[in-house]
Amino acid sequence: MLAMVYTGPGKPLRKAEVSTPRPGPGQLLIRVHACAVCRTDLHIIDGELTQPKLPLIPGHEVVGTIAELGDGVDRFKIGARVGVPWLGWTCGTCSYCRNGQENLCDDAKFTGYTLDGGYAECMVADERFCIPIADAYGDAEAAPLLCAGLIGYRSLVKAGKGKRLGIYGFGAAAHIVAQVAKYQQREIYAFTRPGDEQGQQFARSLGATWAGGSNDLPPQALDAAIIFAPAGELVPRALKAIAKGGTVVCGGIHMSDIPSFPYSILWEERTITSIANLTRRDGEEFMTLAPKVPVRTQVEEFRLDEANEALARLRSGNIQGAAVLITTR
Ligand SMILES: [Zn+2]
Ligand SMILES: [Zn+2]
């Protein structure tokens, strides 16, 4: 099969013919139709996440159909359409797994990081972590739901129920979260790179009450803010934008260092927290909610062998919505 392969930091992905994997017990062989490109893929390729398998096939927002079943598979049938998210395997026995926090499992394995992912024509995945995809969604538009959507949803839940929600970094996750937040009758305050008029316009088109640069203060104090951009200097800025008792949620897997800041902007019971990975329950909840909103994803399609170009465009902030690799041959 054709795959785009990562071999080490600083090197572009290599287009290669590799052998098609075989499904082991409990695994599905999936023919990949679409795989969205996530900022986490950039953090892996840039060497900021330091434990990838090598060589690695990245990609953890995968939509495809089941081509073959491993021994003991009983949740799915051949031909069914499924999604494969970031969380690829958990131990089931550590204290986190037993307490409903499998996202923090001590031995978790991650799709497109410690397991091969969907930048390929086929992949294998543990059936327990795969997610059925609603018929309402095409392959390409469903793909960003699987990380941008799921992590965005987890971030939104962590932000609490407050009405005024700030979002820093208006990319793939934000464009989904904004729709869910609006459905929940919240007000969205969108923060983009300073001067990014196009990004601010995009945010307004998705219903943002206000859009401005990340160094601006919103017209009113916010109840919570979610930071999707991987820039640590946004943390003190977001703290200044939230009201007493408010929460700042860092939604990314990696962020540059957070500069020191005066205690006064944290005081009055403001909270800073982060989101790590996802649970299967997040997947069920969000994929049930998405068609009701209904969440519509804006995608820009690339061919599988254009993965390097898609990553470069994401790096420069030059994608509206989500970049998705389409696998056809
Ligand atoms: Zn565990
Ligand atoms: Zn992701």
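Residues numbered from 1 in each chain as written. Chains lettered and ligands numbered in written order. Predicted model: local features only at pLDDT ≥ 70, side-chain atom pairs only at ≥ 80, totals over all residues. Heavy atoms only, no water.

A. Seen up close, the environment of Leu 13. Take Leu 13: it is sitting in the loop between strand S1 (2-5) and strand S2 (14-17). Separated by 243 residues in sequence, Leu 13 and Ser 256 have C-alpha atoms that sit 24 Å apart. (Helix = DSSP H or I, 4+ residues; strand = E, 2+ residues; numbered from the N terminus.)

B. The sheet that holds strand S14 (residues 242-250), seen in detail. What the six strands build is an open sheet, ordered S12-S11-S10-S13-S14-S15; its pairing is parallel. Edge positions in the sheet fall to strand S12 (210-213) and strand S15 (271-274), since each of these pairs with one other strand and no more. Ignoring strand direction, the axes of neighbouring strands in this sheet form an average angle of 20°. Where S14 and S15 come together, four bridges link them in parallel fashion. Paired with Val 249 across the strands is Thr 273, a residue of S15. Across the face of the sheet, helix H4 (residues 148-158) comes into contact with strand S10 (164-168), strand S13 (222-227), S14 and S15 while running at roughly 155° to S14. Strands strand S11 (187-192) and S12 of the sheet are contacted by helix H6 (residues 197-205), whose axis makes an angle of about 160° with S12. (Pairing = 2+ DSSP bridges. Axes fitted to C-alpha atoms, helices over the stretch in contact; angles between N-to-C directions. Contact = heavy atoms within 4.5 Å.)

C. A look at the coordination of the zinc ion (ligand 1). Around the zinc ion (ligand 1), the protein supplies Cys 91 (SG), Cys 94 (SG), Cys 97 (SG) and Cys 105 (SG) as donor atoms, at distances of 2.3 to 2.4 Å. Its four donor atoms give the zinc ion (ligand 1) angles of 102 to 117° at the centre, a pattern that matches the tetrahedral case. Of note, the zinc ion (ligand 1) draws all its donor residues from one chain, in the sequence arrangement C-x2-C-x2-C-x7-C. Of this pair, Cys 94 sits in the loop between strand S6 (87-89) and helix H2 (95-98) while Cys 105 sits in the loop between H2 and strand S7 (109-110), placing them eleven residues apart in sequence. (Donors = N, O, S within 2.8 Å, 3.2 Å for Na, K, Ca; no water. Tetrahedral: all angles 85-135°; square planar, octahedral: opposite > 155°, others 65-115°.)

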